[in-house]
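Listed below, chain by chain, are the residues.
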2 protein chains.
Amino acid sequence: MKISSLNEKEIISAIRDSFVSSKKSLIQGIGDDAAVVRIGKRNFIYTKDLLIQDVHFKISFHPPHLLARKSLNINLSDVAAMGGVPSYALLGLGLPKKIDSQWVEDFINGLKSAAQEEGVNLIGGDISRSKKITLSVTVIGEGDSIITRSGGAPGDNLCVSGTLGDAKEGLLLLQRKHRMGEGREIDFILKRFLDPFPQVSLGRELSRRNMPSSMVDLSDGISVDLGHICEESGCGALIYKNKLPISWALRSLQKKCFDFALHGGEDYQLLFSIPKEKMGHLSELRKIYPISTIGELISEKKIYVIDPQGRKKELKSKGYRHF
Amino acid sequence: MKISSLNEKEIISAIRDSFVSSKKSLIQGIGDDAAVVRIGKRNFIYTKDLLIQDVHFKISFHPPHLLARKSLNINLSDVAAMGGVPSYALLGLGLPKKIDSQWVEDFINGLKSAAQEEGVNLIGGDISRSKKITLSVTVIGEGDSIITRSGGAPGDNLCVSGTLGDAKEGLLLLQRKHRMGEGREIDFILKRFLDPFPQVSLGRELSRRNMPSSMVDLSDGISVDLGHICEESGCGALIYKNKLPISWALRSLQKKCFDFALHGGEDYQLLFSIPKEKMGHLSELRKIYPISTIGELISEKKIYVIDPQGRKKELKSKGYRHF
């Protein structure tokens, strides 16, 4: 193994190459939203995310109870993206010496509220001193049929839940000193960034009906995360710009709303491909969940955006990268 | 819930009170070396530790391959303390922008070596930018019979594996600029701090024979960790000072070796209680593993050290505390 640069992708791929598993029980190792281990007839799903102060969040933007909720919910989103249901969580909590005890209390209460909403139990973890607040949540879930990133095929439709780009606008508003309580549009957008809702119930319904051929959650933006599906499925994709779901609030606040929809991270919606013959089953779910068909998978290994005039432009990933 | 101070113990107990589980499958929640969930007839063990640069380690002391090994092995030690066998690991890795790619390569190789030694597979995780190197390892294990901290009873003998206090001396030597290669004693002691060996095999043998009534791993020092057994088991303990296992190296380097044995952290040995009638079974294991009987549990809820002259002195916890 040789790492020539500190590109996140290269580090992950070096780790992936170093830890090729021989265990038959390992259904999905490094390289998807979560790992999956089959035990008996059950599939266990494991995921973990690191959130570090001033890298992933600022305490001046994020009230502790919402930060706690987000730290859990982004992991639940990973479990949802595998088509699973979360059951347990572990919390690694690094706290600065001088942190306010009210902050810690609010954090715990926030975590409790999010855990209760999704029926998740916090069962352990570790607490440590740390210069920057450090949150490392591990979630354990279960799933009957597992949906990976690799099952997509040319011709499959491409669908997405909810609306896109709101979270990026939310971060921008916070950076521009906007806060909750300044009106309906701003509140809607800020909430999408500060308190994202994990699509656990939709993920479960999709997996129960065995509909998606591939699925990811949108943490880094569609241009990055669709890239994961395409890479793992060995295909490309077309996206129809005018099919991208944009919220009324984003439309009214942000001229570049389509750019935000394509490249904005942290929306935590589900992006999935569905074989065309299964699209009929979607109408039932659409009564409950907002789902948009935004394009399709193609055999050419590139991602294109088609504008309303029918012009085709290659989409390069501009999503959030840590390195 | 009300947190009045930021004492680690109080935060853990506030979290523990907030997350009382109703799930029948949860055998052991917050408050032991690891959490245990029963699924069918199998017990799954979950543990996670946070290691943060300049809080838990210094890069000038810890070569990356040994740091990686330690980050995994201290979690394996937690699984061992439940009487389980580790199978899978997840890695949360926070890296500074300017870190050397050789450092990352050595880290991955170290992790691989430790994982292979214990048959553990790395199956997922998260990579992030971070000002300080941040390591959050989660380990998943299995165990037939689970050994908690709470089963000890007055009259049970108190046993410990290996030798005690070496790791603390190792840290001290590093702080005094000693490095590997300065002689047998120093090398032995430094290795005990830099590359601790998890007692997985002993933990499994003890649990297979259903011998310990309670068990912990020694991460914070005997005065703290024995306190956990006593608190959870509702008893106290006597320790005979001259029975404490001290290595030849520590004895020759450190006058206060008994203090180090009682209060030094990071030894990652197993401390366990055994009902007297089961002590006979220990002789077989003693042929393979160094095990010392250092005292016994008592009904009075205090911990005493008895010196060679028979004088009794209460032991107050002086182990490492993060807050």
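Residues numbered from 1 in each chain as written. Chains lettered and ligands numbered in written order. Predicted model: local features only at pLDDT ≥ 70, side-chain atom pairs only at ≥ 80, totals over all residues.

### A word on the overall build of chain A
- Scanning chain A for helices and strands turns up 10 helices and 13 strands.
- Its C-alpha radius of gyration of 19 Å places chain A within 12% of the 20 Å reference for a compact globule of 323 residues.
- Counting only C-alpha atoms and orienting by the principal axes, one finds that chain A spans roughly 55 × 50 × 45 Å. (Helix = DSSP H or I, 4+ residues; strand = E, 2+ residues; numbered from the N terminus. Rg over C-alpha atoms; globule rule 2.2 N^0.38 Å.)

### A look at helix α3 (residues 101-117) of chain B
- In a regular helix each residue adds 1.5 Å, so 17 residues correspond to 24 Å; α3(B) covers 25 Å between its end C-alpha atoms and thus fits that length.
- When α3(B) is considered as a whole, its buried residues turn out to be B:V104, B:F107, B:I108, B:G110, B:L111, B:A114 and B:A115. Buried positions in α3(B), seen along its axis, are confined to an arc of 160° and lie on one side of it. Among the exposed residues of α3(B), those oriented more than 90 degrees off its buried face are B:Q102 and B:Q116.
- Buried positions along α3(B) lie against α1 (8-18) of chain A together with α2 (64-81), β4 (85-95) and β5 (121-129) of chain B.
- Note on α3(B): the residue one or two positions beyond its end, B:G119, has a positive phi of about 65°. (Expected span 1.5 Å × (residues − 1). Buried ≥ 20, exposed ≤ 12 C-beta atoms within 10 Å, placed from the backbone. Arc of directions from axis to C-beta. Contact = placed C-beta atoms within 7 Å.)

### As for the domain arrangement of chain A
Residue and element names in this part refer to chain A.
- Along its sequence, chain A is organised into domain 1 (8-143) and domain 2 (157-314).
- For domain 1 versus domain 2, the separation of C-alpha centres amounts to 22 Å.
- Counting residues at the interface gives 19 residues for domain 1, matched by 17 residues for domain 2.
- Of all elements in the fold, only α2 (64-81) and β4 (85-95) reach the threshold of two or more residues within the side of domain 1 that touches domain 2.
- Per element, the largest residue contribution to the side of domain 1 that touches domain 2 is 11 residues, and it comes from α2.
- Residue composition of the side of domain 1 that touches domain 2, grouped by class: nine nonpolar, five polar and five charged. (Domains from an automatic or database assignment. Nonpolar A, V, L, I, M, F, W, Y, C, P; charged D, E, K, R; others polar.)

### A word on the relation of the copies chain A and chain B
- Turning chain A through 180° and shifting it by 0.0 Å along the axis lays it on chain B, with an RMSD of 0.0 Å. Taken together, the turn and the small shift mark the pair as related by a two-fold rotation axis. Among all residues of chain A, the minimum C-alpha distance to the rotation axis is found for A:S136, at 3.4 Å.
- Interface residue correspondence from chain A to chain B reaches 100%, placing this contact among same-surface, isologous pairings. (Least-squares fit on C-alpha atoms with pLDDT ≥ 70 in both.)

### Points about the packing of α2(B) against α3(B)
Residues and elements named next belong to chain B.
- Where α2 meets α3, the closest approach of the two axes is 7 Å, and the angle between their N-to-C directions is 40°. As summarised for this structure, α2 and α3 are arranged oblique, according to the angle between their axes. Judged by the sense of rotation from one axis to the other, the crossing of α2 with α3 is right-handed. Contacts from P64, H65, L66, L67, A68, R69, L72 and N73 of α2 reach α3 at W103, D106, F107, N109, G110, L111, S113, A114 and A115.
- Of the residues in the contact of α2 with α3, the class split is 10 nonpolar, five polar and two charged. (Axes fitted to C-alpha atoms, helices over the stretch in contact; angles between N-to-C directions. Parallel < 35°, antiparallel > 145°, perpendicular 65-115°, else oblique. Left-handed = near helix turned anticlockwise from the far one by under 90°.)

### Some thoughts on the environment of A:G165
All names here are of chain A.
- Tracing the backbone through its elements, the reader meets G165 in the loop between β7 (157-161) and α4 (166-175).
- Sequence separation of G165 and L285 is 120 residues, and the distance between their C-alpha atoms is 23 Å.
- Setting aside anything within four residues of it in sequence, one finds G165 in contact with I246, L250, C257, F260, A261 and G264.

### Here we look at the interface of chain A and chain B
- Taken together, the contacts link 57 residues of chain A with 57 residues of chain B.
- Of all the elements in the fold, those that place two or more residues in the side of chain A that touches chain B are α1, β2 (35-39), β3 (42-52), β4, α3 (101-117), β5 (121-129) and β6 (134-143) of chain A.
- Along the lines of polarity and charge, the residues of the side of chain A that touches chain B split into 27 nonpolar, 19 polar and 11 charged.

### Some points on unusual backbone geometry
- The backbone of A:K177 shows a phi angle near 75°, a positive value even though the residue is not glycine.
- Following the sequence through the fold, A:K177 ends up in the loop between α4 and α5 (184-194).
- On the basis of neighbour count, A:K177 is assigned to the exposed category, with 7 C-beta atoms found within 10 Å.
- Even without a glycine there, the phi angle at B:N210 is positive, about 55°.
- Its location among the elements puts B:N210 in the loop between α6 (200-208) and β8 (214-217).

### Observations concerning α2(A)
All names here are of chain A.
- An ideal rise of 1.5 Å per residue puts 26 Å on 18 residues; α2 measures up with 26 Å between its terminal C-alpha atoms.
- Burial analysis of α2 places 18 of its 18 residues in the buried class, the great majority of the element.
- Taken from the residues just after α2, G83 is the one with a positive phi, measuring 80°.

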